[in-house]
Amino acid sequence: MASLIAARRIVVKIGSALLVDRETGHLRHDWLRSLAEDIAWLTSKGISVVLVSSGSIALGRGVLNLRLAELPLEQSQAAAAVGQIRLARAYEEVLAPHQITTAQVLVTLEDSTDRRRYLNSRATLEQLLSLGVVPIVNENDTIATDEIRFGDNDRLAAQIAVTVGADQLILLSDVDGFYSANPSEDSSAKRYDVIDKITSEIEAMAGDAGSGLSKGGMKTKLMAAKTATAAGCAMAITEGSPHSPLKLLEEGASATWFTADTDPQAARKRWIAAMKPRGVVTLDAGAVKALKSGKSLLPAGVAKVTGGFQRGDPVAIADASGHVMGHGLSRYTANEAHTIKGRQSQEIEALLGYPGRAALIHRDDMALS
C-alpha cells in the first residue's frame, strides 16, 4: 500500500455526491472542513496538492431550482455558472483558516489535446504549486459541450495528474475500492487491495455509474487508472464520504491501489524521447555544459535553429558538432526561436513584442541521452 506522506505531489478527485447533499442540494460544510484539515496536514509535510472537484452543476441546480434528473445542456451550463462561484468560495473559506491560498482553474478537453493549451495549463499549474497554492480544477461546464467535454472528473483528474507530474491520484468515491462485481448486488464480490496490471478480466468487472449526481462509474475509473499509471502515477479508489478521508486512507482505510511501473519524471522523459522531432536547436558550448548540469535551455545558449516547428512541438537538441544530445518541447515557434536565439531572456519582450517565457526549453520538458 502506498503512503500519502511519501508522495511529492498528490491529485485528489472529489465527486459531486460527496460535496453536495443529494436531497437538499446544499453543500456538506462539515465534510468539506474535514477535507481542508486533511489538505493542511499534507501541505504541512511539504506535499503539493491539486484538487479536481465536481459540484458546480449540483450546487447551481439547487439554487436555480432545476429538479430534472437529466438537465438539458443549456440548463447544465447555466447551473454550472451559478454553482462554480459558490464552489470556489466554499473551498476558499475552508482552506483560508489553514493559511492556504486557493486558485480556480477551469479546463476543457481541448486544453489537453491542443499542445499549446496543454503547455499553458502545465506552466500555470506549476507556477501555482511553486507558490504554495492549492489549485481547484474543474471542467469548464459553462462552455463545454457534449462533443468536447471530459464527461466525468475521473478522466479529468487523471489528465491533471499527468499534467502536473503527480506521484499519486486519489479518487474519493462512493465505494471503498474496485470490486469483482457490484457489491450492492453481489454479496460474493471481492475487493482488490492492489492491482498491478489492468487486464481484460479486470475491465470486464467494471460497471457504470450508480449515483444520480455522479457520472463516472468503474469503467471511467479504470480509464483514469490506465492514464495515470502509464505516466508513473499510482492511483487509489477509496470511500470519500467519511470525514477526513485522506487521513483515513493513510491510516489503512479500505482502498484499491493501482501501481505504476515507473515514476512520473521518468515516464515523461521517456514520452518526450520517443517523439519525432520537428526541428533542431543547436547549442553553444556554454549551453551544452548548462544542460548537462540540469539547467533549462535559455535563448542565449542557442546558436542555430532549423525546422518549422510550432510552440509545444518536439525538437532535437544538438551540440556544435551536430551530435544530438536529446529532445525537448519548445516553448516558442521556429520563427520566434530564430529571433531570440543568442539573446538574453530579458530581451525577449522587445524582440517579440510580448513578454515570453525565460526558457526556450524547460528542463522538465527535456529528455537528454
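What follows deals with the packing of helix α6 (residues 115-130) against helix α7 (residues 153-164). Taken N-terminus to C-terminus, the directions of α6 and α7 make an angle of 75 degrees; their axes are 9 Å apart at the nearest point. Of the possible angle classes, the one that applies to α6 and α7 is roughly perpendicular. Of α7, the residues touching α6 (which contributes Tyr118, Arg122, Leu125, Glu126 and Leu129) are Ile160, Val162, Thr163 and Val164. For the contact of α6 with α7, the class distribution of residues is 6 nonpolar, 1 polar and 2 charged.

Its boundaries defined by the atoms lining it, the second largest pocket holds a volume of some 610 Å³. Surrounding the second largest pocket, 28 residues form its lining, Tyr118, Arg122, Val162, Arg268 and Trp271 being those nearest its centre. Listing elements by their share of the lining of the second largest pocket, those giving two or more residues are α5 (110-113), α6, α7, α9 (218-230) and α11 (264-274). Ranked by residue count, the leading element in the lining of the second largest pocket is α11, at 7 residues. Taken together, the residues of the lining of the second largest pocket break down into 12 nonpolar, 5 polar and 11 charged.

Pairing is mixed across the open sheet formed by 5 strands, whose spatial order is β12-β11-β13-β14-β15. Every other strand in the sheet has two partners, leaving β12 (302-307) and β15 (366-368) as the edge strands with one partner each. In this sheet, adjacent strand axes meet at a mean angle of 20 degrees when their direction is disregarded. Two elements, strand β11 (residues 279-283) and β12, share 5 bridges in a ladder whose sense is antiparallel. By the bridge assignment for β12, Val280 is matched with Thr306.

Right, let's talk about the pattern of salt bridges for a bit. In total, this model carries 12 salt bridges according to the counting rule given. Between Asp154 and Lys221 there is a salt bridge, with the nearest N and O atoms lying 3.1 Å from each other. Of the two residues, Asp154 is situated in helix α7 and Lys221 in helix α9; the sequence distance between them amounts to 67 residues. You can call Lys221 buried: its relative accessible area is 5%.

Burial along strand β3 (residues 102-107) is one-sided: Ala103, Val105 and Val107 are buried, while Thr102, Gln104 and Leu106, pointing the other way, are not. Bridge analysis of β3 against strand β4 (residues 134-139) gives 6 bridges, and the strand direction is parallel. In the sheet register, Leu106 faces β4, and the bridge partner there is Asn138.

Read across the sheet, 8 strands follow the order β3-β4-β2-β1-β5-β9-β10-β8 without closing on themselves; strand pairing throughout is mixed. With partners counted over all chains shown, the strands left at the sheet margins are β3 and β8 (194-195), one partner each. In this sheet, strand β2 (residues 48-53) lies alongside strand β1 (residues 9-14) in parallel orientation, the contact comprising 6 bridges. Each bridged residue has a counterpart across the sheet, and for Lys13 the counterpart in β2 is Val52. Along the sheet face, helix α2 (residues 29-43) touches β1, β2, β4 and β5 (168-173) and points at about 155 degrees away from the line of β2.

The rules we used
- Residues numbered from 1 in each chain as written.
- Predicted model: local features only at pLDDT ≥ 70, side-chain atom pairs only at ≥ 80, totals over all residues.
- Heavy atoms only, no water.
- Axes fitted to C-alpha atoms, helices over the stretch in contact; angles between N-to-C directions.
- Helix = DSSP H or I, 4+ residues; strand = E, 2+ residues; numbered from the N terminus.
- Parallel < 35°, antiparallel > 145°, perpendicular 65-115°, else oblique.
- Contact = heavy atoms within 4.5 Å.
- Nonpolar A, V, L, I, M, F, W, Y, C, P; charged D, E, K, R; others polar.
- 1 Å grid on protein atoms, 1.4 Å probe; cavity = no way out; pocket = protein on both sides within 12 Å on 5 of 7 lines; lining within 4 Å.
- Points joined across faces, edges and corners; volume = space filled by probe spheres on them.
- Pairing = 2+ DSSP bridges.
- Salt bridge = Lys/Arg side-chain N within 4 Å of Asp/Glu carboxyl O.
- Buried < 20%, exposed > 50% of the residue type's maximum accessible area, 1.4 Å probe, protein only.

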